[in-house]
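# Structural description and commentary
Residues per chain, in single letters:
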Amino acid sequence: MTKKKATKKVKSKTSGVKQRNRLRNKGKLKTKKHVSKSAFMALQNKQTLPVTQPQEHTPEDVADMLDKDYEWTKPSYMREYNTKMLLPIKTKQGLERRFTDVTDEPEDEEEEPIEKEEKRPASGLEDDEITWSNELVGNEELDLDEPVSVAKIYAKREQLVNKYKFRIGLLSSTLLENPEMKIENLDSLLEIMSSKDPEVQLTVKKLVTLSLLEIFKDLIPAYQIKHQDVPLKKLKKITQQLVGYEGQLLKGYQAFLVNLEAIAQCLRKKKGDNRVVTPPEKKLGILAVKCLSELLETHPYFNYADNIVHLLTMYLDNPDEEVRKIVEECYKRVFHQDKRGLISLSIVRRINYLVKTRAHCVHCEALAVLLALRIKNVNLDDEKEEEIKNKQLQNKRQRVLSLSKKERKRKKELAKLDKEMLEAEAEENKKSKQQHMTEIVKMVFLIYFRILKRAPRSNLLSITLEGVAKFAHCINLEYYQDLVNVLDQLLTKGNLNIREQLYCIKTVFIILSGQENMINIDPLYFYSHLYRVMLEIHAGKTYESIETLLSTLEAVLVHKRKQITTQRMLSFTKRLATLALQVLHNGSLGALSIVKSVVQLTKAADLLLDVECNYGQGVYNPELNEPEYCNAGNTAMWELCALRRHYHPTTRKLSIHVCNGAPTLGEGSLPAELSKLTSTNFCDQYDPTNVAFKPSIPAPNKKPKQTRNVILKNDFIKECDTFLNNTENNVDFSTIFK
């Protein structure tokens, strides 16, 4: 009998999860492939028991041997759970099938720590790099069967965070070094970003999000990728590589935006949403909004820019003020840097849709953004002029059609040359930008007029009036009359605060300053409103409107001085001097600068500097709110005497200058740096809100210490005793001073 080695019992290499599932499902019906009966009989004939020396056995050994023999006598369907098929061997007789026994370990034995089997992502790193990173941070696992200290848990978490840091840094650096060859690293970074490891989910997400943000800011091209949906034709190898790289970059960028939207979703709660957002989740959501803002700011014309605008505009009406400020500052920077006007138009359209769908119940930041639009040289009346020109061109075209063939051919060639010259001079770009800006102006005034007519009592009225006052020079002439009527109704109802009243008045005077001859409007009512509002501004709550008031008064008293009567000019100048007494020093400087300009430009203001003048009739009534009938010519600007003793040195200089008649040269004149400043310049440069006094206060001079004659204690007691000895009452001062 040939001696053959018996198959050894090999320890199972299966994972602990599979072993536990096998024990849990033991006895249940499972469908597995069975070994054929012929193969099993052939295997039984070949196998022989090993030859062993006879020895004495204990009853326990005999029982074990019987158990083993019994196992070999089991049929195949009973032994399928304890056998494992190995790879066959090719011999001279043919293929030889091999089997081995699998011994299940008891549950009470100590198992070695089993690592989690995770699907290894396509990291883009080499095997030696991964091994190096694992050795660097360590792979120590926690034994959950033993009590673990908090310090050990923190140490383990720190190791895991360091491992992620190293991997993220390695993937990012290699990607930036060679983007076209290592573009697959984006997939690995995106998988880390979308992982849901509860131990380091927030920390690692912040790290990988910021890393991907910097990667995309560097790799995104200045042009828009448009070949992702077009079937590729036969291209050169280099072109195919570039197209493949751009396609993967765009796909990764889209996945990154989707992840940012999902992270920022915690900041938006709909009706019935009872989720509790923790502070770390809120910080992560704010970080996602910041990333979207930076991407839009750095690449406003790349793919999916409109999608980012659509998402960020919703956060302009977020309950969190910090989120609203982030989007507001982002849009302001985009408006400032936009040279085409297309992305600005997209933002304005989304804001219009937001305000309209939410019935004007939005936060003020949604309209405050529009004040940053760079609308200067836009005139909506130019469209009518262009229509007239187009009609003239059509008439010329009809005349050209009636020409001969040679003449038409010559005209055609000339038109081509003119078009090429326009393209060379970039005239087409200017026209397209002008068209975009015109559409922006239309959309902005559509928002403003809808709020003025439909929601005059909303919290958006103040910012709306400010916007109308800023862009009033762009309105069509046909809308001026309607706008003035609406503003007049708002002022008549009396439900506006000081700031809103000032913007209404300022808007009317801006309209009148440009198109007064073409509009039939009597501004007398608005003069009375402005004169009344002046005394309602003081150094308290209403002081924030001082700059708006001064800019309006400068436009009325300086730029439109020829349209104002003498009595009205004197009344406004007198009340300006009164206003300078009840505001802060920068407001006093602004008011005095307007008085200075009035004194220099008109002779009527000299009456207010002459104390003995008896111009006009009656007595000055400072409480009357009608500038035409308050008799300001019968008084003087006595407020200048008080302002000459003002605590601010520049205010003292300016008041003395006005008292002397505002001379340009000689005694009482101002320095050159002060004489060129306007009222708004004075308000800005001498603003005390930054707790900075201008000019700076010099340090006090150190005076030498003066020596005093000190009387000794004993001498003082003797003097007191001598004095009392000469009087009737005797007091012993020595006992008192002990």
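All figures in this text were calculated on a predicted structure; none of them were measured in a lab.

### Brief notes about a positive patch on the surface
Side chains of K339, R374, K376 and K433 sit close together on the surface and give a patch of like positive charge. Inspection of the secondary structure assignment puts R374 in the loop between α13 (365–368) and α14 (382–401). Taking relative accessible area as the criterion, R374 reaches 46% and is therefore assigned partly exposed.

### A look at the side chain of E500
Inspection of the secondary structure puts E500 in helix α19 (residues 498–515). We note that E500 is buried and unpaired, the nearest opposite charge coming from R499 at a distance of 7.8 Å. Discounting chain neighbours no more than four positions away, the residues touching E500 are L461, S462 and L465.

### Focus: the confidence of the model for the protein chain
Per-residue pLDDT for the protein chain has a mean of 77; in total, 71% of the residues score no lower than 70. Counting contacts from residues 46–55, a segment whose pLDDT is below 50, to residues more than four positions away or on other chains yields eight contacts. The low-confidence segment residues 104–139 (pLDDT under 50) makes 39 contacts with residues lying over four places distant or belonging to another chain.

### What to know about the nonpolar core
Grouped together as the largest cluster of nonpolar side chains are 160 residues, with contacts concentrated most on L296 and Y331. Per element, the largest residue contribution to this core is 10 residues, and it comes from helix α16 (residues 427–454). Discounting chain neighbours no more than four positions away, the residues touching L296 are A305, I308, V309, L312, C330, Y331, V334 and I343.

### Here we look at the pattern of salt bridges
Taken as a whole and judged by the stated rule, the model has 13 salt bridges. Between R324 and E365 there is a salt bridge, with its nearest N and O atoms 3.1 Å apart. Taken as a pair, R324 in helix α11 (residues 321–337) and E365 in helix α13 lie far apart in primary sequence, 41 residues in all. When sorted by exposure, R324 lands in the same class as E365, which is buried. E328 is the partner of K325 in a salt bridge, and the nearest nitrogen-oxygen pair spans 3.6 Å. Separated by three residues within a single helix, K325 and E328 lie in helix α11, roughly one turn from each other. Via salt bridges that share partners, R324, K325, E328, K332 and E365 belong to a single interconnected network.

### Structural notes on helix α7 (residues 201–219)
Between its terminal C-alpha atoms α7 stretches 26 Å, which fits the 27 Å expected from 19 residues at 1.5 Å a residue. If you check which residues of α7 are buried, you get V204, K205, V208, T209, S211, L212, L213, I215, F216 and L219. If you follow the buried residues of α7, they end up packed against α5 (150–177), α6 (185–193), α8 (237–264) and α9 (279–298).

### Notes on the packing of helix α18 (residues 480–493) against helix α20 (residues 524–533)
When two helices pack together, their arrangement is given by the angle between the helix axes and the distance between those axes. Interaxial distance between α18 and α20 falls to 12 Å at its minimum, and their mutual angle equals 40°. With respect to their mutual orientation, α18 and α20 come out oblique. For α18 against α20, the interelement crossing comes out left-handed. Within the contact between the two elements, α18 uses V484, D488, L491 and T492 and α20 uses Y525, F526 and H529. The residue makeup of the contact of α18 with α20, split by class, is four nonpolar, two polar and one charged.

Procedures and definitions
Residues numbered from 1 in each chain as written. Predicted model: local features only at pLDDT ≥ 70, side-chain atom pairs only at ≥ 80, totals over all residues. Heavy atoms only, no water. Patch = residues over 30% accessible without salt bridge, like charges linked within 9 Å, V, L, I, M, F, W, Y side chains within 5 Å. Areas by Shrake-Rupley, 256 points an atom, 1.4 Å probe, with all protein chains shown as cover. Salt bridge = Lys/Arg side-chain N within 4 Å of Asp/Glu carboxyl O. Lys, Arg positive; Asp, Glu negative; His and termini not counted. Charge placed at Lys NZ, Arg CZ, Asp CG, Glu CD. Helix = DSSP H or I, 4+ residues; strand = E, 2+ residues; numbered from the N terminus. Buried < 20%, exposed > 50% of the residue type's maximum accessible area, 1.4 Å probe, protein only. Contact = heavy atoms within 4.5 Å. pLDDT = per-residue confidence, 0-100. Core = buried A, V, L, I, M, F, W, Y, C linked by side-chain atoms within 4.5 Å. Expected span 1.5 Å × (residues − 1). Axes fitted to C-alpha atoms, helices over the stretch in contact; angles between N-to-C directions. Parallel < 35°, antiparallel > 145°, perpendicular 65-115°, else oblique. Left-handed = near helix turned anticlockwise from the far one by under 90°. Nonpolar A, V, L, I, M, F, W, Y, C, P; charged D, E, K, R; others polar.

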